[in-house]
Each structure stands twice: as C-alpha cells, then as structure tokens.
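# A structural walkthrough
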Amino acid sequence: MIIETFSAPSSGPTATLVTIQFRMDKGLQAHISGMQSQAAKDLLVKLRQAFLEQKLHWPRGNRTWHVQPSANWGHPAGLDLSIALCMLAGSGGIPPSRIRKVGSLGLLGLRGDVQAHPDWQRWVVEDESVEEWLIPHGWKPETLQLPPHLRLHPVRTLREALDHLTGRKKIAPLTLTHRNPTPAETPQDALAGLEDLEGEWTARLGLSLAVIGHHPMILMGAPGTGKSMCARILHGLLPLMRPSEGHAVRKRFAARGLVHDALLVPPFRSPHSGASAAGMFGHCPVRSNGLTHPIPGEVTLAHHGVLCLDEFTEFSRPVIEGLRTVIDQGQIAIARAHGAVRLPAHPLLVITSNPCACGYRLHADRHRCHCTPGESRRYFQRIKGPVLDRLAIHIETGTPDGGSPAPDNCPSDLRTSAAARLRIQKAMELRRQTHRQRRPHVEPEAMRMLERAALVHHWSLRAKGAVQQVAASHMWWRIAGESGPACIRSVDMEMAIGFRIFDRASWMNAHFRKSAGGRSAADVQRAHKS
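Residues numbered from 1 in each chain as written. Predicted model: local features only at pLDDT ≥ 70, side-chain atom pairs only at ≥ 80, totals over all residues. Heavy atoms only, no water.

## Quick notes on the overall build of the protein
Note the cut-off: Numbering of helices and strands runs from the N terminus; a helix is a DSSP stretch of H or I covering at least four residues, while a strand is a stretch of E covering at least two. For the exposure calls, accessible area comes from a 1.4 Å probe over protein chains only, and a residue counts as buried if that area is under 20% of its type's maximum, exposed if over 50%, partly exposed in between. Between two residues, a contact is recorded if the distance between any of their heavy atoms is within 4.5 Å. Only the protein chains shown count as cover for residues, with accessible areas throughout obtained via the Shrake-Rupley method and a probe of 1.4 Å.
The secondary structure content of the protein amounts to 17 helices and 20 strands. Scored against the burial criterion, the 530 residues of the protein give a buried share of 53%. Taking as baseline every contact in the protein between residues at least 6 positions apart, the subset at least 24 positions apart corresponds to 73%. As displayed, the protein has an accessible area near 24,200 Å², and 51% of this comes from carbon and sulfur atoms.

Shown next as structure tokens:
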C-alpha cells in the first residue's frame, strides 16, 4: 500500500507543493528517491534518533520514499516531518486516509522537536487539495500569505503531531484575521508628492500617464532639478497591489534574504550604479550539494513596483543592454548547467540621467558647462540606441517654464498626489473594462499626425507603437476627467508625440552639435586645462 502526504519546501523565490509517497514491505533497506543520497542518509539517521527520543516504534522492513517533483530537492529542508508521518502511517500508527489531505512543514531535531526553517517566509500554500497543515509551534503566518480556507495546527514535537492525527489529543487551529484593503488605500511616500513639486506641469502629466499605461520613462536634466524626486512621486501614485501580488512580492524578497513589511504597497527599488549584472538580473549560485537555487535580482524585486535607475549612464554596459529583455519580455531567464529558471521582471522602469558629465549641458545659459560637444555626445550615446528606443515617455526637467505657476487650463488632478491618484485609478479601471471588448479606435487625423512625426524624426516601428500606446493612456486619463467615447483624438496623439523628444534629430542638433554656452571646443579645452 502506498501512503501519500504533502509538504512545501522552498526553492528560491517560489515554492512548489511536493507529494511524498511511502511504501513498506519485507526487507531491511531504506531509500529516499528524489533527493541526494548523502542528504537522504543523514535524514534517516536523524529520524531514527527522533523516534527513539519520542518513544516511538522504529519500524523494520524495506522502506521506500519518493519525493515528487524531485528535480530540485537536494537538501531536504522542510521534509522531515512529512517523511516521519509517512513512516508512522505505513507502520500502522496513523490511518493512511488521515494524512492524505494533510501537509506538514518543519524540521525535526534529535529530540523530536519540530522546528522552523530559516527560509520559512519562502514557503507558500496555494493548492486547495491540502485541507490542513501542521506547522512548528510559535510560527505566526502573515494573514495575506495564506488562503482563508486553510487550517493551521501548530505542533511542538513529533508526538504531538501523532496524537493530533490519531485523535487522541486534538490541537486547535490558529485563528487568522484576513485584511481586506479598500480600493481607496494607496501607497504613501512621506517625502515626495505632487504638491511638493514646483511647477513641472508637463512632468506631472507624464508621471500620471506612465502609471496608467505602465510605460517606461526617462527623466533628464541638470543636477537638482527634481529627477529623483519625480521617481519617488511616481511610486506614490501607484495603486495598492492585490493580496496575491503582495504575497508574490514578499516571497521574492524572502528569497533574497529581505523582508517586505508593507504587504500591499508596491516595492520601490533604486540600486546603486555600481550594481553588477548578477545583482541586477539575478543569479543561481551553486551550493555544496551541487544544486542551484535562483536568487532574484533588483528587476525581479521591483516586479509590480518601481525600478529607479538613477544616474543611468554610470551603470555597466551589461546592465544597460540587459534591460532590453526586461522591457520587451517582462521576465528574466537564468540558464545554468543544472537547468533554467524564469523570474518575473516587469517593473515600472524609471531612468534618470544627466545630459553630460558635468550635468549642465541643457542649461548652459544658466550654468557653465565644461564639456565639449564630443564629450557630451559620447556621454549621451550610452543611453541613445536600443534602450532609448524602448522608453515611451521622455521628460526634460528644469526647463525655463518648469517652476512657473500652474496655467489656467491645468487640471486640478495634477496639483496633489491624492487627486491625481483618484483620477489614475478611474482611468485604469476604464482601461480594464474597455480592453476586454475591443482596442480603442484612432481617428484618421491622429494617425496622420503619428505618421508625419515618425517620418520627420526617423522613428522605428517600436517607437511608433510606444507613442500610440502613450496616446491611448492620455485618452483614458482624459476620459476619466471629462467622459466621452474611447477614441484616440488629435489632442491625445499630440501630447504623446510631445513626450518623445530625446531621440529627435532637432533636439540632438540643438544640444549636442554646438559648443557649450556658445563657446568653441578650443575654449572649453583651455578651460579644462586652466
């Protein structure tokens, strides 16, 4: 007779429900398939000592366990209790039908005590085939981590688990209080809000559109013009995550050894420019048992949130080129000799950069720029190309009218983050409802505007598609405040075209083919020498 039970050991940022099968017949051997031989031998030695300390009968015979799936379970972390219960059921100590829908998590000590694993937060319970779980006593699960239908029974020792399953001494389940967030709840950044931003009315609208359409964006300007602040404001405009999304974010943080306390608030990650490609995109270190467990990178930690790459030109070339896959596919594939794993990586990407090495190329009339035209072009060339082509919204901060008062026709939704957040949520809801039926129609005049702009500025097909998507986001934003049919008009396309400036030939000629502040290249070089 084959005995079955369940467990959920962790493997990187995810955890899979594992089925443990057990069979006992005549013989003297013991074997655990699905894990390394040395790990299986160590576990059997530990189980024997635990049985003796708990005064439980150690059965004799040919004992065979099978762990399925077995591809990644080299280290039996979390399987101790399940394997012990299978053997008790096989020897007649527990009715086999009693543990068929029971899962157990925990490590066994030599005294038979049930302990929690250090990587406990990676464990997930999402399969409805398991009705109850036995967990180590003292573990307090997060209410948003577990489905409400589960019954969790804390046990201190192997003997307590046996008594509970046989009915001799029932253990009361833990009481879970599940929190249902209201739609009005939103992440708050105490340090940044639209009300703290002076002027920059175009940037305010661009931040709103980026949230509605999940558009990657770039902010360029001189130091101190509010680029990093805009990225923090963008995070404050995001709506709260769903409980399932918050739980997934929490798992990925735990796999990195971090804790994401605010379960419903989208993550905000701003790695240093010296971060390596492995730290940015993830890696699979080889452990002593020969197996690999994926460690998520910054792009995976920022999934469902904001990834701010400040001083983008200072990042290494592998990091800059690797972002192309993140923007296009929304996931990262890590391949090693032992196998491949795919990690989610679809954050709202925000890139900030100075226009040149000194940072004042765009504002040479107000601050002296010490860079030659050639140096400025080479600096900007690190952004220009495939990466810039994939950034849908371009915003130049610190423009002459950036700090001016609000224009008369400026919507009130752009004055504070609270007002903008409500309009963004309404626009996103309209977008979800309408997209289920059909894509928004584009007026002929709006399409002609897009074709003319693409011809003049030599945009690629990808750039044209990005502009049209930004126009659709502006349409949803406009409808959320004024109502009307879901149709992309000329005003939407004009606004979307205006948000794509850094790959225009006219913009490049105006800023990078003339000397800084009207000086010649020789004057700039002499200034450097002096």
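Now that the structure has been shown, we can carry on.
## A few points about the confidence of the model for the protein
Note the following rule: Residue-level confidence of the predictor, termed pLDDT, takes values from 0 up to 100.
Mean pLDDT over the protein: 80, with 81% of residues reaching 70 or higher. No element of the protein has a lower mean pLDDT than helix H17 (residues 521-529), which averages 39, and none a higher one than strand E14 (residues 306-309), which averages 94. Note that pLDDT drops below 50 for residues 515-530; the model gives that stretch 24 contacts with residues more than four away or on any other chain.

## What to know about the side chain of His-235
Defined as follows: Definition of a polar contact: a pair of N or O atoms within 3.5 Å, with one able to donate and the other able to accept a hydrogen when the atoms are protein atoms, and with sequence-neighbouring residues admitted only if both atoms are side-chain atoms.
Relative to the assigned elements, His-235 resides in helix H5 (residues 227-237). Polar side-chain contacts of His-235 include one of 2.7 Å to the backbone oxygen of Pro-266.

## Focus: the packing of helix H13 (residues 444-457) against helix H15 (residues 490-498)
The condition is simple: Here, axes are lines fitted to C-alpha atoms. For helices the fit covers the stretch in contact, and angles between N-to-C directions go from 0 to 180 degrees. Angles below 35 degrees are treated as roughly parallel, those above 145 as roughly antiparallel, those between 65 and 115 as roughly perpendicular, and all remaining angles as oblique. A crossing counts as left-handed when the near helix is turned anticlockwise from the far one by less than a right angle, and as right-handed when that turn is clockwise. Just so you know the grouping, Ala, Val, Leu, Ile, Met, Phe, Trp, Tyr, Cys and Pro go in nonpolar, Asp, Glu, Lys and Arg go in charged, and all remaining residues, Gly too, go in polar.
Viewed as axis vectors pointing N to C, H13 and H15 meet at an angle of 20 degrees, and their least axial separation amounts to 8 Å. On the basis of the axis angle, H13 is roughly parallel to H15. The hand of the H13/H15 crossing is right-handed. Along the contact surface, H13 presents Glu-445, Ala-446, Met-449, Leu-450 and Ala-453, while H15 presents Ser-490, Met-493, Glu-494 and Ile-497. Classifying every residue of the contact of H13 with H15 gives 6 nonpolar, 1 polar and 2 charged.

## Let's talk about the environment of Glu-375
Mapping Glu-375 onto the fold places it in helix H10 (residues 373-381). Sequence separation between Glu-375 and Ala-357 is 18 residues; the distance between their C-alpha atoms is 7.9 Å. Separated by 3.1 Å, the side chain of Glu-375 and the backbone nitrogen of Thr-372 make a polar contact.

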